[in-house]
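Secondary and tertiary structure notes
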Amino acid sequence: MLLVAIGVAESAFATMQSTLVLLEVPERVRGGAMGILSACIGTQPLGTLAIGLLAASIGAPPAFAVNALVSLLVIVPLAVPLVGRAKAP
Amino acid sequence: MDLVALGWLALQFTGSPFMVGVAAFARAATLMVVGPFTGIVADRVPRGRILLVAPAVGMATALALTAIFWSGRGGYGALVALEIVFGLVWALDFPARRTALYTLLGAGRVGQAVSLETVSMQIAKMLGPLAAGLCLAQAGPAAGFAVMALVYGGGLAAYEPASRSARRPGHRHVAFRRDQQADRPGARLADSDRAHGAAGDGGDELAWSRSRPRAGCPCP
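As a starting point, this report considers the structure included with it. (Residues numbered from 1 in each chain as written. Chains lettered and ligands numbered in written order. Predicted model: local features only at pLDDT ≥ 70, side-chain atom pairs only at ≥ 80, totals over all residues. Heavy atoms only, no water.)

Observations concerning the overall build of chain A
Our working rule: Strands are runs of DSSP state E lasting at least two residues, helices are runs of H or I lasting at least four, and both sets are numbered from the N terminus onward. Between the two quantities, the radius of gyration covers C-alpha atoms and the globule rule is 2.2 Å times the number of residues to the power 0.38. For every residue, the accessible area obtained with a 1.4 Å probe (protein chains only) is divided by the maximum for its type, and the residue is called buried under 20%, exposed over 50%, and partly exposed between those limits. The method behind every accessible area is Shrake-Rupley, applied with a 1.4 Å probe, and residues are considered shielded solely by the protein chains displayed.
A tally of helices and strands in chain A yields four helices and zero strands. Tracing chain A from N to C terminus, the helices and strands come up as α-α-α-α. For a compact globule of 89 residues, the expected C-alpha radius of gyration is about 12 Å, and chain A comes in at 16 Å, more than 25% above that figure. Taken along its principal axes, the extent of the C-alpha atoms in chain A is 45 × 30 × 25 Å. The buried share of chain A, taken over its 89 residues, is 20%. Roughly 6000 Å² of accessible area belongs to chain A as shown, and the carbon and sulfur atoms make up 79% of that amount.

Printed below as a string of structure tokens:
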């Protein structure tokens, strides 16, 4: 069940990462912004390598927890202003 | 499909799991390195044209792999080199495709469009490895790459009519240029004309533009 939840969240993220970028940047640099996004998607193997090394050194469950905590620390400060702006009239 | 074929073939050729990782990394690293530059290309070159060129290059690459493996000359180096080309194709296609969604549908519907496209990508991620596994098990890598060439050909055939219809006289929309003018007042219109070849072949750029037709245009 947790893996299903993770899959749903990942799908939502995959949609939102592009949509937010497309909506936030002006037309003249929209392609460039999407190019930077594709470069960021290309860093995925580095993350896989990092989580693999971490899991090898401290074990898989703690590595999973560290990964989740780091994700929250990065995403929450970025998401709060967006939510606030969406609620504003 | 090609990721499954890449992993399996890299292991067959080298017997080294590390070299499988290197091959997969080579493709992903292409995205990291050229992604920002292909995004600039998507801003400067007509997007309709990019959406035709990308699957055409992908199909040519898949056909090259088919020929190499069919002739029995396939090797690790050629495989990785052509996988890097697949990475380049994806890096070229992604920014153009996503920005085309925005210019076609506008801010109100782009979220739904990206969502649908994500669903289609997830379905491809499920069916692609299955097809690759079947091809590798039953007919060998050349058959797998031939199927990939067919898939790219299908993409090319799907994009081509939209691009062709955009080149018809009377289907020249100007919204994209107006958007650009709004973003950067001044020389933007002249830049756009120069970049997209206003006299003659600018139609496909305009094909992906959003909706506000020029006065007198017969389009809805």
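Quick word on the environment of B:P141
Residues and elements named next belong to chain B. Keep this limit in mind: Contacts are assigned to residue pairs that have any heavy atoms within 4.5 Å of one another.
Note on placement: P141 falls in helix α6 (residues 141-166). Separated by 73 residues in the primary sequence, P141 and I68 place their C-alpha atoms 9.9 Å from one another. Aside from chain neighbours lying at most four places away, what touches P141 is L9, F69 and L136.

Comments concerning the side chain of A:E27
Rules: Two N or O atoms form a polar contact when they lie within 3.5 Å of each other; inside protein one atom must be a possible hydrogen donor and the other a possible acceptor, and for residues adjacent in sequence the pair counts only when both atoms belong to side chains.
With respect to the helices, strands and loops of the structure, A:E27 is situated in the loop between α1 (2-24) and α2 (30-41). The buried category is assigned to A:E27, whose relative accessible area is 3%. Among the polar contacts listed, one links the side chain of A:E27 to the side chain of A:R30, at a separation of 2.6 Å. Separated by 2.9 Å, the side chains of A:E27 and B:R47 make a polar contact.

Some thoughts on the nonpolar core
Residues and elements named next belong to chain B. Here is the rule we go by: What makes a nonpolar core is a set of buried Ala, Val, Leu, Ile, Met, Phe, Trp, Tyr and Cys residues whose side-chain atoms join them at distances within 4.5 Å.
The biggest cluster of nonpolar side chains holds 22 residues, and the ones touching the most others in it are L9, A23, L65, F69, L79, F145 and M148. Elements with a contribution of two residues or more to this core: α1 (2-14), α2 (17-44), α3 (47-70), α4 (76-105), α5 (110-138) and α6. Top element by residues in this core is α4. It accounts for five residues. Membership of the second largest hydrophobic core comes to nine residues, among which are L101, V110, A113 and V114.

Observations concerning a nonpolar patch on the surface
Residue and element names in this part refer to chain A. Here is the rule: Here, patches come from residues exposed beyond 30% relative accessible area and free of salt bridges, joined within 9 Å for like charges and within 5 Å for nonpolar side chains (Val, Leu, Ile, Met, Phe, Trp, Tyr). Take a side-chain nitrogen of Lys or Arg and a carboxyl oxygen of Asp or Glu: if they are within 4 Å of each other, that pair is a salt bridge.
On the surface, I58, V66, V70, L73, V74, I75 and L78 cluster together into a nonpolar patch covering about 640 Å² of accessible area. Broken down by element, the residue count for the nonpolar patch peaks at six residues, all from helix α4 (residues 60-87). Residue placement: V74 occurs in helix α4.

Describing the interface of chain A and chain B
Condition: In short, buried area is how much 1.4 Å probe accessible area vanishes from two parts on joining, totalled over both.
At the interface, 25 residues of chain A touch 30 residues of chain B. Carbon and sulfur atoms make up 71% of the area that chain A and chain B hide from each other, which totals about 2200 Å². By the criterion of area lost to chain B, the three top residues of chain A are A:L22, A:E27 and A:R28, representing 28% of everything that side buries. Between B:R47 and A:E27 there is a salt bridge; the shortest N-O distance is 2.9 Å. Taken together, the links from chain A to chain B amount to five residue pairs in polar contact (both at pLDDT 80 or more). Every element with two or more residues in the side of chain A that touches chain B is listed here: α1, α2 and α3 (44-58) of chain A. When residues of the side of chain A that touches chain B are assigned to their parent elements, the largest contribution, 10 residues, is made by α2(A).

Here we look at empty space enclosed by the protein
Residues and elements named next belong to chain B. The condition that has to hold: The distinction between a cavity and a pocket rests on a 1 Å grid over the protein atoms alone: a 1.4 Å probe fits inside a cavity but cannot get out, while a pocket stays open yet meets protein on both sides within 12 Å along at least five of seven lines, and a residue with an atom within 4 Å of a point counts as lining. Grid points are joined across faces, edges and corners, and a volume is the space filled by probe spheres set on the points. Ten residue types, Ala, Val, Leu, Ile, Met, Phe, Trp, Tyr, Cys and Pro, are classed as nonpolar, four, Asp, Glu, Lys and Arg, as charged, and the remainder, Gly among them, as polar.
Taken as a whole, this structure holds two cavities of 30 Å³ or more when the rule is applied. Computed from the structure, the second largest cavity encloses a volume of approximately 40 Å³. Lining of the second largest cavity is provided by M1, D2, A5, A132, L136, P141, G144, F145 and M148. Where the lining of the second largest cavity is concerned, the elements lending two or more residues are α1, α5 and α6. Looking at which element gives the most residues to the lining of the second largest cavity, the answer is α6, with four residues. Taken together, the residues that form the lining of the second largest cavity break down as seven nonpolar, one polar and one charged.

A few points about the packing of aromatic side chains
The line we're drawing: Each Phe, Tyr or Trp ring (for Trp, its six-membered ring) is paired with any other whose centre lies within 6.5 Å, and the angle between the two planes then decides the class: stacked below 30 degrees, edge-to-face above 60, tilted in between. A ring has a charge above it when a Lys NZ or an Arg CZ is no more than 6 Å from the ring centre and no more than 35 degrees off the ring normal.
In the structure shown here, the tally under the stated rule is four aromatic pairs over all chains. Ring geometry for B:F69 versus B:F145: centroids 5.5 Å apart, planes at 35°, classification tilted. Of this pair, B:F69 sits in helix α3 while B:F145 is found in helix α6, placing the two residues 76 residues apart along the sequence. No difference in accessibility class separates B:F69 from B:F145, as the two residues are buried. Chaining the aromatic ring pairs together yields one cluster made of B:F13, B:F69 and B:F145. In this structure, A:R30 is placed above the aromatic ring of B:Y102, and the distance from its NZ or CZ to the ring centre is 3.7 Å.

Re α2(A)
Just so we agree on the cut-off: Here the expected span of a helix is defined as 1.5 Å times the quantity of residues minus one.
Along its 12 residues, α2(A) runs 17 Å from first to last C-alpha, staying within 8% of the 16 Å computed at 1.5 Å per residue. Counting buried residues in α2(A) gives nine out of 12 residues, a clear majority hidden from the surface. Where α2(A) is buried, its residues contact α1 of chain A together with α2 and α4 of chain B.

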